[in-house]
Amino acid sequence: GSHMFIVQVAGHLGKDPETRFTPSGQKVTTFSIATNQRKGKEDITVWVRVTVWGDRLDKIISFLKKGSGVIVVGRMN
């Protein structure tokens, strides 16, 4: 069966979020988060792509700009 993983990612936005609408009129907002992870003695940057459906971001979208610090909790697909 399919397993769902709940993940929490903290990092910074790589660029401003992009909002578009599907052909059926559903709002979808996407953005990428840069998160730093330690691998041995070096820091590596891992990019995590986030998709938010609907209007859940409407109240805070104006605060989300390139470089903004964010923590996102959601399902891993």
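Conventions we followed
- Residues numbered from 1 in each chain as written.
- Predicted model: local features only at pLDDT ≥ 70, side-chain atom pairs only at ≥ 80, totals over all residues.
- Heavy atoms only, no water.
- Salt bridge = Lys/Arg side-chain N within 4 Å of Asp/Glu carboxyl O.
- Buried < 20%, exposed > 50% of the residue type's maximum accessible area, 1.4 Å probe, protein only.

Asks: Which residues make up the pattern of salt bridges, and what values go with them?
Replies: A complete count under the given rule lists 3 salt bridges for this structure. Glu18 serves as the salt-bridge partner of Lys15, at 3.1 Å between the closest nitrogen and oxygen. What makes Glu18 partly exposed here is its relative accessible area of 43%. Note that Asp43 and Arg38 form a salt bridge whose closest N and O atoms lie 2.9 Å from each other. In this pair, the class of Asp43 matches that of Arg38, namely exposed.

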